[in-house]
Amino acid sequence: MELERGGQPVPAVRIGLAGVVGAGLIGLVLYALASEHGVRALGGGLVVAATFAVGGGLLGFLFGIPKLLTSGAAAHPDDQSATSTASYAPNTNLEQVSDWLTKILLGAGLTQIGTLPRRLRDLGEALAPAVGGGPGAAGFAAALSVYFTVLGFLAGWLLTRLLLARALSAADRQTLADSVNQTVLAAESLNFTPRQVRDLFETGVEGLRVQALALLQGKPDPENLDLVVSAVDRHLSPFELLQALLAAKAMLGRSELTAEQRAALRAAVAYKVRNTRNVPPYSRRRAVAEEVLRRVPAPAAGDDGSPSGPSGPDGADRGAAGGPQTAKVPAIPAQVQAPEGPGVP
C-alpha cells in the first residue's frame, strides 16, 4: 500500500488520520454535552487528549527514527572515515538513544502487562475529575487516554518514517555534495599521486570512490581513465554516476588522451545513456552525458576500412552479452609508491 508520494503522506493517509482524530473529538464533545459540567469536561478532556497524543507521538518518534545506512559505514563499521562523505562521521546519538529506549520500554511493558487493567482503572480514577467527574467519568478518561495515545503513536511513527528519513537523506546528500565541491577546487593543491587516487577508488567504499572521482575532476589524469570508465559502467549510486560523468567531461580537456582512450570513454557513456533509469531525461546526469558525447563524435562508418558495426547512432558497440564493448585502455605504467598524502577534505 502506498503511504507517501513525493515525500508527503498520500491523501488517503491524511484523510484517515483526520477521520480518527475527528472521531475522538466528536466523542469528547458528545460526552461534554451530556455532562453536568460540560465546559469543564470539554476543556479537561481536550487537555487530557492532547497530553496523551503528544506522549504517544513521542513514542512513535522514537520507534520511527531511521537507521543510518551508508555503504561506507556498512562496509567498515569501525572506521570513522568510511562514511557517505569520507570526511565526517554522522552523529548517531539520537538513533542509539531511540534503540535503547524502545528496548527498555518494550521490556518493561511486557513484564508489567499483567497489571495493565488495574493501572488503567487507577489512571481513569485519577483523571475523572479533569473530565467533569460523575458516573462513568473514570472509564471515559481511561478510554480517552488510550485512544489518543495510540493515535499519537501511529501519527508520530508514520510522520517520522515519511518525513525524517527524507530530511536526513537530503542533508547528507548536501553535505556530500559540498565535500565533493571542496575536493574538486582543492585537487591541485592536495598533490595526490595517480597511485594514491587509484588506491582511494579501489577501497570499494562509495564515499572514497566519489572523492577519488572528485580529485580526477579537479586534476584530470589520463593514467586513471579506466577508473572513470569503471565508475560510469558500474557505479554504486546515482550521485557517483554524476561524479564519474563530470570526471569524464574533465578528462576530455586533456590533449594527451589518445583516440583509443576517447573511444573507450565514449562507449561507456553512450551505453549508460541508453538506460533512462540511470540517466533520466532532463536530469543533470543526462546533460553531462550528452555533452561528453558531443565532444567525442561517433566514428563514421568505414573510417578504418570496415563497417562501424551494430553501434547505432550513439556509437556504443555492444558485445555478445549485451554490455558495452569498450575499447581497450592502454596499460597503465607502473607507478612508484608515493608517501602518504594528505587526507581527503
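Below is a summary of the structure that appears in this document. (Residues numbered from 1 in each chain as written. Predicted model: local features only at pLDDT ≥ 70, side-chain atom pairs only at ≥ 80, totals over all residues. Heavy atoms only, no water.)

1. With respect to the overall build of the protein chain
No. 1: A count of helices and strands for the protein chain gives twelve helices and two strands.
No. 2: The order of helices and strands in the protein chain, counted from the N terminus, is β-β-α-α-α-α-α-α-α-α-α-α-α-α.
No. 3: Across the 345 residues in the protein chain, those meeting the buried criterion constitute 38%.
No. 4: Restricting to contacts in the protein chain with at least 6 residues of sequence separation, those with at least 24 account for 73%.
No. 5: Only carbon and sulfur atoms are counted for the fraction: they give 63% of the accessible area of the protein chain, which is about 18800 Å². (Helix = DSSP H or I, 4+ residues; strand = E, 2+ residues; numbered from the N terminus. Buried < 20%, exposed > 50% of the residue type's maximum accessible area, 1.4 Å probe, protein only. Contact = heavy atoms within 4.5 Å. Areas by Shrake-Rupley, 256 points an atom, 1.4 Å probe, with all protein chains shown as cover.)

2. A closer look at the nonpolar core
No. 1: Residues Leu 215, Val 228, Val 232, Leu 245, Met 251, Leu 265 and Val 269 are the most contacted members of the largest nonpolar core, which totals 39 residues.
No. 2: Every element with two or more residues in this core is listed here: α6 (137–190), α7 (194–201), α8 (206–218), α9 (225–233), α10 (238–251), α11 (259–273) and α12 (284–295).
No. 3: Per-element accounting of this core gives the leading share, eight residues, to α10.
No. 4: The next biggest cluster of nonpolar side chains, apart from the first, holds 15 residues, and it includes Tyr 31, Ala 32, Leu 144 and Leu 151. (Core = buried A, V, L, I, M, F, W, Y, C linked by side-chain atoms within 4.5 Å.)

3. Some remarks on a nonpolar patch on the surface
No. 1: A grouping of Val 21, Leu 25, Ile 26, Val 29, Leu 30, Leu 33, Leu 42 and Leu 46 is seen on the molecular surface, where their side chains present a nonpolar patch of about 680 Å² in accessible area.
No. 2: Secondary structure elements with two or more residues in the nonpolar patch: α1 (11–34) and α2 (38–64).
No. 3: At six residues, α1 tops the list of elements feeding residues into the nonpolar patch.
No. 4: Relative to the helices and strands, Val 29 is located in helix α1.
No. 5: By relative accessible area, Val 29 is classed as partly exposed at 37%. (Patch = residues over 30% accessible without salt bridge, like charges linked within 9 Å, V, L, I, M, F, W, Y side chains within 5 Å. Salt bridge = Lys/Arg side-chain N within 4 Å of Asp/Glu carboxyl O.)

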